[in-house]
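# Results of the structural survey
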Amino acid sequence: MSSIKEKLSKPFASLVAKRIEKWARNPEKTQQKVFRNLISSATNTSFGIDHNFKKISTYEEFKSNVPIRDYEDLRPYVERVVNGEDNVLWKGKPLYFAKTSGTTSGAKYIPITKESMPTHVKAARNAILMYIHETGNTQFVDGRMIFLQGSPILEEKNGIKLGRLSGIVAHYVPKYLQKNRMPSFQTNCIEDWEAKVEAIIDETLREDMTIISGIPSWVQMYFEKLIERTDKKVGEVFQNFSLFIFGGVNYEPYRAKFENLIGRKVDSIELYPASEGFFAFQDKQDEKGMLLQLKSGIFYEFVEADRFYDENPERITIKDVKLEVNYVMIISSTAGLWAYNIGDTVQFTSLKPYRVIVSGRIKHFISAFGEHVIGKEVEQAFKEATENTSITVNEFTVAPQINPSNGLPYHEWFVEFENLPENEAKFIEALDNSLQQQNSYYYDLIAGKVLQPLKLTKIKKNGFQNYMKSIGKLGGQNKIPRLSNDRKIADKLYELQLTK
């Protein structure tokens, strides 16, 4: 017999689907309304005054007055907010700062305001409701739901609370989900990830888990420890588990592994959340891509990734985007971010409605496990590890090893030495420690035993030259990427090692 919650979920999902369909059918009008609201709301802020918001009425005027910025460019304004000043980027003061891993220049503080906070919660809710509307599946609504996330314990800085985004969002779980939600608040507050996973298993093992949500690499660890504890597949332990919700990294490398761990297929919903905003969610099970959230206080611009570093790259709105072109996504939002480069690249899979996939980062990176390691960080690690030593190298690059034959995944460093380290173990430790200090996500993955410390593979003399020659890019302006998010280069290097 259906519960009241189950009965109410379908008409509620239908209502939400109609509202979404209404703005999705009128994308340009929806975005124009968001644009006007953003400009008028921030006209009297410091940023608005500095950038002539009073005189901006069109998108062309906005482009002329507001250049594209990344976090480092916006930092002077953000620091004023962090120091307690109000009406800087947005009216008043933010409710929170989402503290994220920065580059070697330190942590990033992304503001979350009274206006932007609800959009994070509503988008996550709507993703589930759209799934209900499409599939008619409501059986999971009375079961237990687990959200693997960061600690909800928040710090405070000049009267503004700060923490990881997932920890902040944990304070906004709707009342109708509170009884179903796991783990407990106390368990969520455990900082040590390994201990936290064991505590989560203790709490969930005998529960009727129907929804499991989190970054795939963290969920995989939870699943593997469940199997260790029970000697059963996850689908046997939780017989009504029917929906996996994920975001943060590409799921495809994990899909086969997950189906093996679960023992059967389950439906999944992909989300595209970030500290800067909740940008998209999967609205159809049989469609590629996620529905871009056009009515969430975010105004979107796009620049073709191949032209992003030109002197004056063309900025366009959704009106002019094309399918399967790699775009850098630029946002302005009710959080007080203006023409802000979040660093992601996206491709449109549909224009009616607008759906996207995350295609990568505008700069080379590794984020196979959600760590967002960038080139500057690996270069700094290398610099620190070789300082005051006799080590010299010809070239190096870094790639993730997601499926090692033994042990945990890791980052693999391919190095062509001119002069070898006297103590290889000490060199590796110095590299790994530097990377952990620079990047809190990488540190968390190592500390939580999701990753093991990096491994070193020595490349024979001229190995990188042979690689560049094999791909027709020897000499000239061509460079080996310092890091990549796949193993195309790594596998080719191995192949050349065996044949040369």
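Residues numbered from 1 in each chain as written. Predicted model: local features only at pLDDT ≥ 70, side-chain atom pairs only at ≥ 80, totals over all residues. Heavy atoms only, no water.

A few words on the overall build of the protein chain. The helix and strand inventory of the protein chain stands at 18 helices and 20 strands. Over its C-alpha atoms the protein chain spans a radius of gyration of 24 Å, differing by no more than 12% from the 23 Å that the globule rule assigns to 500 residues. Sorting the 500 residues of the protein chain into buried and exposed places 54% on the buried side. Summarising the internal contacts of the protein chain: among those between residues at least 6 apart in sequence, 67% fall at separations of at least 24. Accessible area for the protein chain stands at about 23,900 Å²; split by element, carbon and sulfur atoms hold 47% of it. Charge centroids of the protein chain, computed over 67 positive and 63 negative side chains, lie 6 Å from each other. (Helix = DSSP H or I, 4+ residues; strand = E, 2+ residues; numbered from the N terminus. Rg over C-alpha atoms; globule rule 2.2 N^0.38 Å. Buried < 20%, exposed > 50% of the residue type's maximum accessible area, 1.4 Å probe, protein only. Contact = heavy atoms within 4.5 Å. Areas by Shrake-Rupley, 256 points an atom, 1.4 Å probe, with all protein chains shown as cover. Lys, Arg positive; Asp, Glu negative; His and termini not counted. Charge placed at Lys NZ, Arg CZ, Asp CG, Glu CD.)

With that settled, the discussion passes to the nonpolar core. Soluble globular proteins tend to pack their nonpolar side chains together in the buried interior. Judged by nonpolar contacts, the single largest core of 89 residues is most densely connected at Leu292, Phe302, Met329 and Trp338. The leading source of residues in this core is helix α6 (residues 117-135), at nine residues. Apart from the residues lying within four places of it in its own chain, the contact partners of Leu292 are Trp23, Phe279, Ala280, Tyr300, Phe302, Ile318, Met329, Phe348, Tyr354, Arg355 and Val356. Core analysis: the next-biggest nonpolar cluster, separate from the first, contains 54 residues, Met182, Ala385, Val398 and Trp413 among them. (Core = buried A, V, L, I, M, F, W, Y, C linked by side-chain atoms within 4.5 Å.)

Hydrogen bonds between backbone groups are what pair the strands of a sheet, and the pairing can be parallel or antiparallel. The strand order β18-β19-β20 describes an open sheet built from three strands, whose pairing is mixed. Strand pairing shows two members of the sheet lacking a second neighbour, β18 (392-401) and β20 (455-458), which therefore form its edges. Neighbouring strand axes in the sheet, compared pairwise and without regard to direction, differ in orientation by 25° on average. Of the strand pairs in this sheet, β18 and strand β19 (residues 410-419) are connected by nine bridges, and their pairing is antiparallel. Paired with Val393 across the two strands is Phe417, which belongs to β19. Strand contacts of helix α17 (residues 463-470): β18 and β19, with the helix running at about 115° to β19, the strand carrying the most contacts. (Pairing = 2+ DSSP bridges. Axes fitted to C-alpha atoms, helices over the stretch in contact; angles between N-to-C directions.)

Attention shifts here to the sheet that holds strand β2 (residues 108-112). Pairing is mixed across the open sheet formed by four strands, whose spatial order is β2-β1-β5-β4. A single partner strand is all that each edge strand has here, and the edge strands are β2 and β4 (155-157). Adjacent strand axes in the sheet meet at a mean angle of 35°, parallel and antiparallel pairs treated alike. In this sheet, strand β5 (residues 160-163) lies alongside strand β1 (residues 96-100) in parallel orientation, the contact comprising three bridges. Its bridge partner lying in β5, Phe97 is registered against Leu162.

This part takes up helix α15 (residues 424-438). Within an α-helix, residues lying three or four positions from one another point in the same direction, as the helix has 3.6 residues per turn. For α15, with 15 residues, the first-to-last C-alpha span of 22 Å sits near the 21 Å given by 1.5 Å per residue. Along α15, the residues classified as buried are Phe427, Ile428, Leu431, Asp432, Ser434, Leu435, Gln436 and Gln438. Capping the start of α15, Asn423 holds a side-chain oxygen 3.2 Å from the backbone nitrogen of Ala425, two or three residues further along. (Expected span 1.5 Å × (residues − 1). Polar contact = N/O pair within 3.5 Å; in protein donor to acceptor, adjacent residues only side chain to side chain.)

If you add up the space inside the second largest pocket, you get close to 690 Å³. At six residues, α6 tops the list of elements feeding residues into the lining of the second largest pocket. Partitioning the lining of the second largest pocket into residue classes produces six nonpolar, eight polar and eight charged. (1 Å grid on protein atoms, 1.4 Å probe; cavity = no way out; pocket = protein on both sides within 12 Å on 5 of 7 lines; lining within 4 Å. Points joined across faces, edges and corners; volume = space filled by probe spheres on them. Nonpolar A, V, L, I, M, F, W, Y, C, P; charged D, E, K, R; others polar.)

Inspection of the secondary structure assignment puts Thr334 in the loop between β13 (327-333) and β14 (340-351). Sequence-distant contacts of Thr334, that is, excluding residues within four places in its chain, are made with Leu38, Trp90, Thr113, Glu115, Ser116 and Gly297.

This part is about α6. Between the first and last C-alpha of α6 there are 29 Å, a value that for 19 residues agrees with the 27 Å anticipated at 1.5 Å per step. Along α6, the residues classified as buried are Met117, Thr119, His120, Val121, Ala123, Asn126, Ala127, Ile128, Leu129, Met130, Tyr131 and Ile132. In the stretch just after α6, Gly136 is the one whose phi turns positive, near 75°.

This part is about the pattern of salt bridges. Tallied over the full model, the rule gives 20 salt bridges. Close ionic contact of Lys63 with Glu60 constitutes a salt bridge, the shortest N to O distance being 3.4 Å. Of the two residues, Lys63 and Glu60 both sit in helix α4 (residues 59-65), three residues apart, roughly one turn of that helix. On the accessibility criterion, Lys63 (21% relative accessible area) is partly exposed. (Salt bridge = Lys/Arg side-chain N within 4 Å of Asp/Glu carboxyl O.)

Next up on the list: the packing of α15 against helix α16 (residues 440-447). Interhelical geometry of α15 versus α16 gives an angle of 120° and a closest axis separation of 5 Å. One way to sum up the angle between α15 and α16 is to call them oblique. In this structure, α15 contributes Asp432, Leu435, Gln436 and Gln438 to the contact, and α16 contributes Ser440, Tyr442, Tyr443 and Ile446. Residue composition of the contact of α15 with α16, by class: four nonpolar, three polar and one charged. (Parallel < 35°, antiparallel > 145°, perpendicular 65-115°, else oblique.)

Here we come to a positive patch on the surface. Residues Arg19, Lys22, Lys29, Lys33, Arg36, Lys122 and Lys295 make up a contiguous surface patch of positive charge. Taken together, the elements giving at least two residues each to the positive patch come down to α1 (4-25) and α2 (27-41). The biggest single contributor to the positive patch is α2, with three residues. Within the secondary structure layout, Lys122 lies in helix α6. (Patch = residues over 30% accessible without salt bridge, like charges linked within 9 Å, V, L, I, M, F, W, Y side chains within 5 Å.)

Bringing the environment of Ser41 into the picture now. Looking at where Ser41 falls in the secondary structure, it is placed in helix α2. On the basis of relative accessibility, which here comes to 18%, the residue Ser41 falls in the buried class. Residue contacts for Ser41: discarding those within four places in its chain leaves Trp90 and Lys91.

It is worth spelling out the packing of aromatic side chains at this point. In this structure the tally under the stated criterion is 29 aromatic pairs. Ring centres of Phe47 and Trp338 lie 5.9 Å apart, and the angle between their planes is 15°; on these two criteria the pair is classed as stacked. Of the two residues, Phe47 is situated in helix α3 (residues 46-50) and Trp338 in the loop between β13 and β14; the sequence distance between them amounts to 291 residues. You can call Trp338 buried: its relative accessible area is 0%. A connected cluster of aromatic rings, assembled from ring pairs, spans Tyr272, Phe279, Tyr300, Phe302, Tyr327, Phe348 and Tyr354. In this structure, Lys455 packs its charged tip against the face of Tyr410, placed 5.5 Å from the ring centre. (Phe/Tyr/Trp six-rings, centres within 6.5 Å; stacked < 30°, edge-to-face > 60°. Lys NZ or Arg CZ within 6 Å of the ring centre and 35° of its normal.)

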